[in-house]
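What follows is the residue order along each chain.
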Amino acid sequence: MSFIGNIIWLLFGGLITAIEYFISSLLLMLTIIGIPFGLQTMKLGVLALWPFGSKVVDRPQASGCLNTLMNVIWIFIGGIWICISHLVFGILLAITIIGIPFARQHFKLAHIALVPFGKDIR
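Now for a description of the structure that goes with this document. (Residues numbered from 1 in each chain as written. Predicted model: local features only at pLDDT ≥ 70, side-chain atom pairs only at ≥ 80, totals over all residues. Heavy atoms only, no water.)

**Considering the overall build of the protein**
Summing up its helical and strand segments, the protein has four helices and two strands in all. The order of α-helices and β-strands along the protein, N terminus first, is α-α-β-α-α-β. Taking 14 Å as the expected radius of gyration for a compact globule of 122 residues, we find that the protein reaches 14 Å, a close match to that expectation. In terms of its C-alpha atoms, the protein occupies a principal-axis envelope of roughly 40 × 30 × 20 Å. Looking at the protein residue by residue over its 122 residues, the buried ones come to 40%. When contacts within the protein are restricted to residue pairs at least 6 apart in sequence, long-range pairs at least 24 apart make up 75% of them. Accessible area of the protein: about 7,100 Å², with a carbon and sulfur share of 78%. (Helix = DSSP H or I, 4+ residues; strand = E, 2+ residues; numbered from the N terminus. Rg over C-alpha atoms; globule rule 2.2 N^0.38 Å. Buried < 20%, exposed > 50% of the residue type's maximum accessible area, 1.4 Å probe, protein only. Contact = heavy atoms within 4.5 Å. Areas by Shrake-Rupley, 256 points an atom, 1.4 Å probe, with all protein chains shown as cover.)

Right, here's the structure in full:
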């Protein structure tokens, strides 16, 4: 069932948001400072392609000021724009009854788009 959900997900905005993640990841990896941000957005891009059946959990050892600093920098670099695109797709899909499960995935990804550091994708 999650395979069918993921295929339909690609049609309802998953592919567009994954492309956003991959483009921002490649642009961030152009500089040495942006490599950690680029690696994290690659992981999020894969999650944006196949969100059904995937789970995002907080890393237990992720408490620290470095992750907080990286999350704040990420919000200004590109997290806010990707979050807005997830919110727009989520609101558009929440209008219909059939789109509600997909809207919930977009809202979940919107939160992760703002604060990706300190999270583990399983």
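**Description of helix H3 (residues 65-94)**
In this model, H3 (30 residues) spans only 36 Å end to end at C-alpha, well below the 44 Å of a helix rising 1.5 Å per residue. Most pronounced at Ile75, the bend in H3 amounts to some 65°. Listing the buried residues of H3 in full gives Asn67, Met70, Asn71, Trp74, Gly78, Gly79, Ile82, Cys83, Ser85, His86, Gly90 and Leu93. Buried residues along H3 sit against helix H1 (2-28), helix H2 (35-49) and helix H4 (100-114). (Expected span 1.5 Å × (residues − 1). Bend = angle between axes of the 7 residues up to and from the residue.)

**What about the packing of aromatic side chains?**
Following the criterion strictly, the structure yields four aromatic pairs and no others. For the pair Phe37 and Phe117, a centre-to-centre distance of 5.4 Å together with 90° between the ring planes defines the contact as edge-to-face. You can see Phe37 sitting in helix H2 and its partner Phe117 sitting in the loop between H4 and strand E2 (119-121), a full 80 residues away along the chain. Taking the relative accessible area as the measure of exposure, Phe37 reaches 4% and is therefore buried. Here the aromatic rings of Phe52 and Phe102 are separated by 5.6 Å at their centres, their planes lie at 85°, and the arrangement is edge-to-face. Of this pair, Phe52 sits in the loop between H2 and strand E1 (56-58) while Phe102 sits in helix H4; the two residues are 50 residues apart in sequence, bridging distant segments of the chain. You'll find Phe52 and Phe102 in the same group, each marked buried. One aromatic cluster in this structure is built from Trp9, Phe52 and Phe102. (Phe/Tyr/Trp six-rings, centres within 6.5 Å; stacked < 30°, edge-to-face > 60°.)

Purely geometric stuff here, so don't read any function into it on its own.
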